[in-house]
Amino acid sequence: MKKPQYCVFGAGIIGLCVARRLRQAGVSVCVIDPRDLGQGATGASAGLLEPPMKPRSPFQLARHASFEGYSQFVEDLNRESQYEIEFQHLPHVHLALTDEEVDKFKRWESAAGSEEQSAFWLEAQEATERWRQLSSQVKGAWVHDRGAWVYPPDLLWALKTVLEDQDVPLYLQIQNLEIEPKTDGQVQLRFLNSSQSEIQFDSVIPILCAGAWTPAILKQLDLFPEFEIQAIRGQMVELQADFQIEAIFHLENRYLYFREGNRLLIGATTEEAGFDENIYSAETDSLLDTASKAFSIDSFSVLNTWCGLRPKVLRRGGAWLRTEFPILLAGHYKNGILGGPRDADLLVSKLTGNPLESFSPFKE
Ligand SMILES: Cc1cc2nc3c(=O)[nH]c(=O)nc-3n(C[C@H](O)[C@H](O)[C@H](O)COP(=O)(O)OP(=O)(O)OC[C@H]3O[C@@H](n4cnc5c(N)ncnc54)[C@H](O)[C@@H]3O)c2cc1C
């Protein structure tokens with residue numbers, strides 16, 4: 001194996017996208033992760049893709065560009081991996097339960113203006129005519145027609161396949177990772193691979209894409225807490241329903257969507273529980289409560305529950321993107337599935353000097 005120039009820490013969507021682009025740019029790279037594929041936020045994620053309405057700030061424009069390029073991104077990955085990623089265009093429906101929410105969504109409607117064809121308000125009766133399973137508590141719905149859904153484990157699997165086909169070493173379930181900083185932004189790495197063989201790289205450039213675990217690596221590099229990232233738990237529950245709706249629903253900072261076989265998934269966005277991967281029945285109950293507020297069904301059977309740790313950058317919004325030691329792309333608290341692939345292109349374009357325009361489809 002050729003000695004890697006870069007070592008990507010983290011086999012979530014961000015790390016794997018960075019490694020794919022570096023390899024495509026002809027750079028030698030490896031990926032390391034102490035866990036198995038999909039054990040971070042990416043594997044837990046809902047995979048909902050909603051572009052910002054009327055994007056203005058650079059961040060919103062970037063997320064808008066990510067959405068615009070997503071179908072092509074999935075197509076490229078399907079072709080490169082010979083795998084079929086589950087991906088669907090679906091409307092996002094924001095349900096109003098209170099008069100305040102009705103007012104808020106109506107304000108959104110007037111702000112969107114009459115030229116905005118993709119977003120519109122439905123009164124309660126129109127909404128229930130469209131989706132007859134909506135509960136009687138729903139006072140109306142703000143519909144954003146431009147949305148999509150992707151199955152994150154498929155993305156990970158396709159990216160892993162592409163990297164393996166390109167002979168990029170992917171060290172999963174590594175143990176005893178030792179990092180020793182050297183000069184010029186390089187580090188010496190030593191770890192045991194999944195077969196317990198010792199691997200050593202005397203000098204590689206680390207790229208930290210370890211999501212909520214990034215601070216632990218920074219600490220090993222004596223850099224904590226300069227680039228502080230906090231873990232924010234998000235729990236999800238999967239239920240067996242007796243109907244299915246082709247839309248993604250949002251309600252009180254929760255989201256609800258269906259997968260084949262009438263499986264209803266509900267997730268929380270903002271659990272401020274810190275670094276905690278336990279499943280709590282109180283949180284499951286609260287997600288079930290959200291389901292019964294959204295839909296008129298009496299009983300659900302719970303099929304599965306899980307949670308993931310979202311990486312959140314403290315004291316400032318957005319994610320860290322740094323092109324000098326410590327090179328970082330981490331802190332995608334929300335929208336990492338949507339924006340991560342394009343952010344990875346941006347980082348690699350800066351590292352390799354290739355313009356972002358050379359990376360189809362995430363162009364500037
Ligand atoms: C429940 C939930 C629902 C979500 N829903 C959505 C959604 O609908 N749409 C959306 O766009 N985003 C969503 N997100 C956010 C999205 O999942 C994240 O933004 C994205 O997955 C972050 O990717 P990542 O690669 O940075 O992190 P991760 O996927 O967490 O990957 C980081 C990796 O680093 C590894 N690691 C840990 N320690 C080390 C180490 N010492 N060395 C090397 N590697 C290490 C971890 O094992 C992990 O595999 C959701 C998140 C959660 C938790």
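First things first, this report covers the structure right here in the doc. What you are looking at is a predicted structure, and each value in this text was computed from that prediction instead of being measured.

Criteria and cut-off values
Residues numbered from 1 in each chain as written. Predicted model: local features only at pLDDT ≥ 70, side-chain atom pairs only at ≥ 80, totals over all residues. Near = placed C-beta within 6 Å. Helix = DSSP H or I, 4+ residues; strand = E, 2+ residues; numbered from the N terminus. Nonpolar A, V, L, I, M, F, W, Y, C, P; charged D, E, K, R; others polar. Domains from an automatic or database assignment. Buried ≥ 20, exposed ≤ 12 C-beta atoms within 10 Å, placed from the backbone. Pairing = 2+ DSSP bridges. Right-handed = clockwise from strand over helix to strand, strands pointing away. Axes fitted to C-alpha atoms, helices over the stretch in contact; angles between N-to-C directions. Parallel < 35°, antiparallel > 145°, perpendicular 65-115°, else oblique. Contact = placed C-beta atoms within 7 Å. Core = buried A, V, L, I, M, F, W, Y, C linked by C-beta atoms within 7 Å. Expected span 1.5 Å × (residues − 1). Left-handed = near helix turned anticlockwise from the far one by under 90°.

### With respect to the site of the ligand
Link 1 in the chain: Taken together, 42 residues surround the ligand, and among them Gly12, Gly40, Gly211, Gly308 and Gly336 come closest.
Link 2 in the chain: Looking at the shell around the ligand, the elements with two or more residues in it are helix 1 (13-24), strand 2 (29-33), helix 2 (41-44), helix 7 (214-220), strand 13 (229-240), strand 17 (301-313) and helix 9 (336-352).
Link 3 in the chain: Broken down by element, the residue count for the shell around the ligand peaks at four residues, all from helix 9.
Link 4 in the chain: Tallied by class, the residues present in the shell around the ligand amount to 22 nonpolar, 16 polar and four charged.
Link 5 in the chain: Per-domain counts for the shell around the ligand show at least three residues from each of domain 1 (6-85 + 151-228 + 314-358) and domain 2 (91-146 + 230-312).

### Some words on the pairing of strand 1 (residues 6-9)
Link 1 in the chain: The side-chain alternation of strand 1 yields two buried faces, one formed by Tyr6 and Val8 and the other by Cys7 and Phe9.
Link 2 in the chain: Taken together, the four bridges between strand 1 and strand 12 (residues 198-208) define a ladder with parallel strand orientation. Residue Val8 lies in a different strand from strand 12, and its bridge partner there is Ile207.
Link 3 in the chain: At this point the chain moves from strand 1, through helix 1, to the parallel strand 2, and the crossover so formed is right-handed.

### Looking at the sheet that holds strand 17
Link 1 in the chain: Ordered in space as 6-7-5-14-15-16-13-17, the eight strands form an open sheet in which the pairing is mixed. With partners counted over all chains shown, the strands left at the sheet margins are strand 6 (119-123) and strand 17, one partner each. Within this sheet the neighbouring strands show an average axis-to-axis angle of 20°, counted without direction.

### A closer look at unusual backbone geometry
Phi is mostly negative for residues that are not glycine, and the peptide bonds are mostly trans.
Link 1 in the chain: In the segment running from Phe325 into Pro326, the intervening peptide bond is cis, with an omega of -5°.
Link 2 in the chain: If you trace the backbone, Pro326 turns up in the loop between strand 18 (320-322) and strand 19 (327-330).
Link 3 in the chain: Residues other than glycine seldom take positive phi values, yet Glu252 does so here, at roughly 45°.
Link 4 in the chain: Take Glu252: it is sitting in the loop between strand 14 (248-251) and strand 15 (254-259).
Link 5 in the chain: A positive phi angle, near 60°, is found at Asn253, a position not held by glycine.
Link 6 in the chain: Following the sequence through the fold, Asn253 ends up in the loop between strand 14 and strand 15.
Link 7 in the chain: What makes Asn253 exposed here is the crowd of 11 C-beta atoms within 10 Å.

### So, the packing of helix 3 (residues 58-81) against helix 9
Link 1 in the chain: Running from N to C, helix 3 and helix 9 cross one another at 90°; their axes reach a closest spacing of 9 Å. Put simply, helix 3 runs roughly perpendicular to helix 9. Every residue of helix 9 that contacts helix 3 at Ala62, Arg63, Ala65, Ser66, Phe67, Gly69 and Phe73 is listed here: Leu338, Gly339, Pro341 and Arg342.
Link 2 in the chain: Of the residues assigned to the contact of helix 3 with helix 9, the class counts are six nonpolar, three polar and two charged.

### So, the sheet that holds strand 3 (residues 48-49)
Link 1 in the chain: The strand order across the open sheet formed by three strands is 3-8-4, and the pairing between neighbours is antiparallel. At either end of the open sheet lies a strand with only one pairing partner, and these are strand 3 and strand 4 (87-89).
Link 2 in the chain: In the sheet, strand 3 pairs with strand 8 (residues 148-150) via two bridges, with the strands oriented antiparallel. The residue of strand 8 that forms the bridge with Leu48 is Trp149.

### With respect to the nonpolar core
Link 1 in the chain: Among the nonpolar cores identified, the biggest contains 94 residues, and Val8, Val18, Cys209 and Tyr257 are the most heavily contacted of them.
Link 2 in the chain: Residue contributions to this core reach at least three from each of two domains, namely domain 1 (6-85 + 151-228 + 314-358) and domain 2 (91-146 + 230-312).
Link 3 in the chain: Dropping the residues within four chain positions of it, Tyr257 is found in contact with Ala46, Leu48, Trp149, Ile248, Phe249 and Leu265.

### As for helix 6 (residues 152-165)
Link 1 in the chain: The end-to-end C-alpha distance of helix 6 is 20 Å, a good match for the 20 Å that 14 residues give at a rise of 1.5 Å each.
Link 2 in the chain: Positive phi appears at Asp167, one or two residues downstream of helix 6, with a value of about 60°.

### Focus: the pairing of strand 13
A regular strand carries its side chains on alternate faces of the sheet.
Link 1 in the chain: Counting buried positions along strand 13 yields nine of twelve residues, so the element is predominantly enclosed.
Link 2 in the chain: Of the pairings in the sheet, the one linking strand 13 to strand 17 comprises twelve bridges and is antiparallel in character. Within the sheet, the bridge partner assigned to Ala231 lies in strand 17 and is Pro311.
Link 3 in the chain: Relative to strand 16 (residues 263-268), strand 13 runs antiparallel, the two being bridged by five bridges. By the bridge assignment for strand 16, Val237 is matched with Ile266.

### Focus on the packing of helix 3 against helix 6
Link 1 in the chain: Interaxial distance between helix 3 and helix 6 falls to 9 Å at its minimum, and their mutual angle equals 50°. Viewed along their axes, helix 3 and helix 6 adopt a mutual orientation that is oblique. Like other packed secondary-structure pairs, helix 3 and helix 6 cross with a definite hand, here left-handed. Contact residues: helix 3 offers Leu77, Asn78, Glu80 and Ser81, while helix 6 offers Ala158, Leu159, Thr161 and Val162.
Link 2 in the chain: Grouping the amino acids of the contact of helix 3 with helix 6 by side-chain chemistry returns four nonpolar, three polar and one charged.

### Overview of the environment of Lys139
Link 1 in the chain: Here Lys139 lies in the loop between helix 5 (124-130) and strand 7 (140-144).
Link 2 in the chain: For Lys139, a count of 16 C-beta atoms within 10 Å translates into the label partly exposed.
Link 3 in the chain: Remark: the alpha-carbon pair of Lys139 and Phe258, spanning 119 residues in sequence, is separated by 22 Å.
Link 4 in the chain: For Lys139, the contacting residues outside a window of four places in its chain are Ala96, Leu97, Val102 and Ala124.

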